[in-house]
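A look at the structure
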Protein chains: 2
Amino acid sequence: MNEIKVFCPATIANLSCGFDVLGLCLDNVGDEMIIRKTEEKGIKITKIEGATLPLETEKNVAGVALLAMLEATKPDFGFEIEIYKHIKAGSGIGSSAASSAGAVFGANELLRNPFTRKELVQFAMQGEKLASGNAHADNVAPALLGGFTLVRSSNPLDIIKIKSPDLLYATVIHPQIELKTSDARSVLKQNVSLKSAITQWGNVGGLIAGLYTEDYDLIGRSLHDEIVEPLRSVLIPGFDLIKKAAYESGALGSGISGSGPSIFALSKGKENAQNIAKAMCAVYDEIHLPYEIHVCKVNDEGMRVL
Amino acid sequence: MNEIKVFCPATIANLSCGFDVLGLCLDNVGDEMIIRKTEEKGIKITKIEGATLPLETEKNVAGVALLAMLEATKPDFGFEIEIYKHIKAGSGIGSSAASSAGAVFGANELLRNPFTRKELVQFAMQGEKLASGNAHADNVAPALLGGFTLVRSSNPLDIIKIKSPDLLYATVIHPQIELKTSDARSVLKQNVSLKSAITQWGNVGGLIAGLYTEDYDLIGRSLHDEIVEPLRSVLIPGFDLIKKAAYESGALGSGISGSGPSIFALSKGKENAQNIAKAMCAVYDEIHLPYEIHVCKVNDEGMRVL
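Where an unreviewed UniProt entry is consulted, chain A appears under the name Homoserine kinase, with the organism given as Flavobacterium agrisoli. Entered under Catalytic activity (unreviewed entry) in the UniProt record, the comment concerning chain A runs "L-homoserine + ATP = O-phospho-L-homoserine + ADP + H(+)". What UniProt records for chain A under Pathway (unreviewed entry) is the sentence "Amino-acid biosynthesis; L-threonine biosynthesis; L-threonine from L-aspartate: step 4/5."

The next thing to look at is the pairing of strand S7 (residues 168-175) of chain A. All names here are of chain A. Burial runs high along S7: 8 of the 8 residues are buried. Judged by which residues are buried, S7 turns out to be covered on both faces: Leu168, Ala170, Val172 and His174 on one side and Tyr169, Thr171, Ile173 and Pro175 on the other are all buried. With 6 bridges joining them, S7 and strand S10 (residues 263-268) adopt antiparallel strand pairing. The residue bridging valine 172 from the neighbouring strand is phenylalanine 264, located in S10. Of the pairings in the sheet, the one linking S7 to strand S11 (residues 291-297) comprises 7 bridges and is antiparallel in character. Looking at S11, one finds that isoleucine 173 is bridged to isoleucine 293.

A few words on the domain arrangement of chain A. Residues and elements named next belong to chain A. Entries for chain A in the domain assignment read domain 1 (3-163) and domain 2 (168-297). Computed over C-alpha atoms, the centres of domain 1 and domain 2 are 24 Å apart. Facing the 28 residues of domain 1 at the interface are 38 residues of domain 2. Buried surface at the junction of domain 1 and domain 2, both sides included, amounts to about 2400 Å², of which 63% is carbon and sulfur. On the domain 1 side of the interface with domain 2, the three residues burying the most area are Ser16, Cys17 and Phe19, jointly 26% of the side's total. Here domain 1 and domain 2 share 3 salt bridges between them. Of the charged contacts in the structure, one is a salt bridge between aspartate 20 and arginine 185, with a shortest N-O distance of 3.9 Å. Taken together, the links from domain 1 to domain 2 amount to 8 residue pairs in polar contact (both at pLDDT 80 or more). At the level of elements, strand S1 (3-13), strand S2 (22-38), strand S5 (148-154) and strand S6 (157-162) are the ones that each hand at least two residues to the side of domain 1 that touches domain 2. Take the side of domain 1 that touches domain 2: its biggest share by element is 7 residues, from S2. For the side of domain 1 that touches domain 2, the residue count by class is 15 nonpolar, 8 polar and 5 charged.

How each quantity is defined
Per chain, the residues get numbers from 1 upward, laid out in the order the sequence is written. Key to labels: chains lettered from A, ligands numbered from 1, both in the order written. Residue-level local features of this predicted model are given only where pLDDT is at least 70; pairs of side-chain atoms are given and counted only at 80 or more, and the full residue set underlies all totals for whole chains, interfaces and linings. No hydrogens and no water enter the side-chain calculation; it runs on all heavy atoms of the structure. UniProt positions are given in the numbering used here, feature names are shortened, and annotations may be inferred rather than shown by experiment. Any residue under 20% of the maximum accessible area for its type is buried, any over 50% is exposed, and the rest in between are partly exposed; the area is computed with a 1.4 Å probe on protein chains only. Only DSSP runs of H or I with at least four residues qualify as helices, and only runs of E with at least two residues qualify as strands; both kinds are numbered from the N terminus onward. Here, any two strands with at least 2 DSSP bridges between them count as paired. The split into domains, and so the bounds of each, comes from an automatic or database assignment of domains. Only heavy atoms enter the contact rule, under which two residues are in contact if any of them lie within 4.5 Å. Put simply, buried area is how much 1.4 Å-probe accessible surface two parts lose in total, over both of them, once they are put together. Throughout this description, the term salt bridge denotes a Lys or Arg side-chain nitrogen within 4 Å of a carboxyl oxygen of Asp or Glu. Residues adjacent in sequence count toward polar contacts only when both atoms are side-chain atoms; beyond that, a polar contact is any pair of N or O atoms within 3.5 Å, and within protein one must be able to donate a hydrogen and the other to accept it. Residue classes follow a fixed rule: Ala, Val, Leu, Ile, Met, Phe, Trp, Tyr, Cys and Pro count as nonpolar, while Asp, Glu, Lys and Arg count as charged, and any other residue, Gly among them, counts as polar.

Below, the structure written as structure tokens:
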């Protein structure tokens, strides 16, 4: 096999209570990448469609992630990468993670899988480091492993994959505003009250328990964030209205996707997810704010060969 | 049935990362109680052996818990209670919880179970309120439900029971010193760093995942507490040495039981648990500190009729 085409799914990080540790993988929203073996060693990014991004390997997240992988395994050939972006940069659903993870996943396939998907996370994280200055796994882990992922520890890296309950759907609305990750981080406080922290880790425990037992109500009861969401949500127009609309249309829970500005809602079954989408759209239609909307099953497989 | 004898197990609350939300139930360490129907309405505590505790219903945790239950269901008879204490007060393994939970569990049996075990928690919590000023469920929940319990929320009460992996054992050493709960609480800080809080909820998630998947190593990797243990452990003589001895003898994890002074270690299999006990005892023997030692399987059944 000399060429492979891969689907690089979008992801939702943080998931309310799970700030900096939890993420999930989306179905049917994602980029496509073609990775091709070349006789010449090294990495060339030959084509990027759908976004204006650097073609220089060292300045592109996909290039940097694959470089990290090639340092660990030194094949006697090189790679060419084509990227077809569908996930908008800065949307808060893991655009850079999709490219970083896609590059290492595709090349690993062409190399006949010397690395497990879990082992690929560390390489993909180097792409995230280039994108945000921080080698985090919140998005690359669910993109590679699918379902839900818990980053128990970043150093040493300890990632737990949790299968998604079969009927779990996500609705994601992306208001077309620019919200810089750096701004979203600057509103955070360095300290939190012990009381809020206890509430938060009770909810993280509840969410994990709800996922293992496929208890949708428990998942819903656990999807709260009293630490980060109150600070960040003010940066997102209509956040409270969108969330209210989601709950009134059957959402189990709703919150900020990643560092925003996208807002997600989880629900049981496709019909609920579609109703939530309608209700969310109506809110932004009312205030004439342009948006993109996605209705997706949670993707338990993750990254896949097309 | 007019009389019942119940086993009221000891419990470990907090469990390192799970401060204020997690607990587990112990086997073969606990009190016994006899609950008897009486023609006369009301509650009489007729006998307490093994401890000096008030016989007045309103001043005894068992009495207060049962009073709360009788307010919710008004039987046309009363109850007599005998308490045989084996769990030492102030040991940090749920002495008051065992009595509070035992009273409502036994009376519920005599009433032919109008309440589920989960519903009994709220009544037993009233005993904890008398004991510590705080109606918490950390110990009464595992005493009643067995296994591990997660108190996702106290208000409204939301408790999740998690089955214990079959080979999980606890070793508990109780140094014979007095450590008041109020002192153990006064060393806590009202605020914690966001960074530590994230580490903690990553570990809570890891511990819950480890329990559901019976992944003993993951349970071990998750049993850390960088928020409360560093503050409280200085109140417990030889804490660091005991913990080190436990790890060197095969412990998956080790920490403060409840608010101390008991120290627990979890391990896989009875032999490890016994080796850990020997190593812990050797530490206190060396410094001539009297102690009690317990080796118990985690008790997945909880409170039981004898």
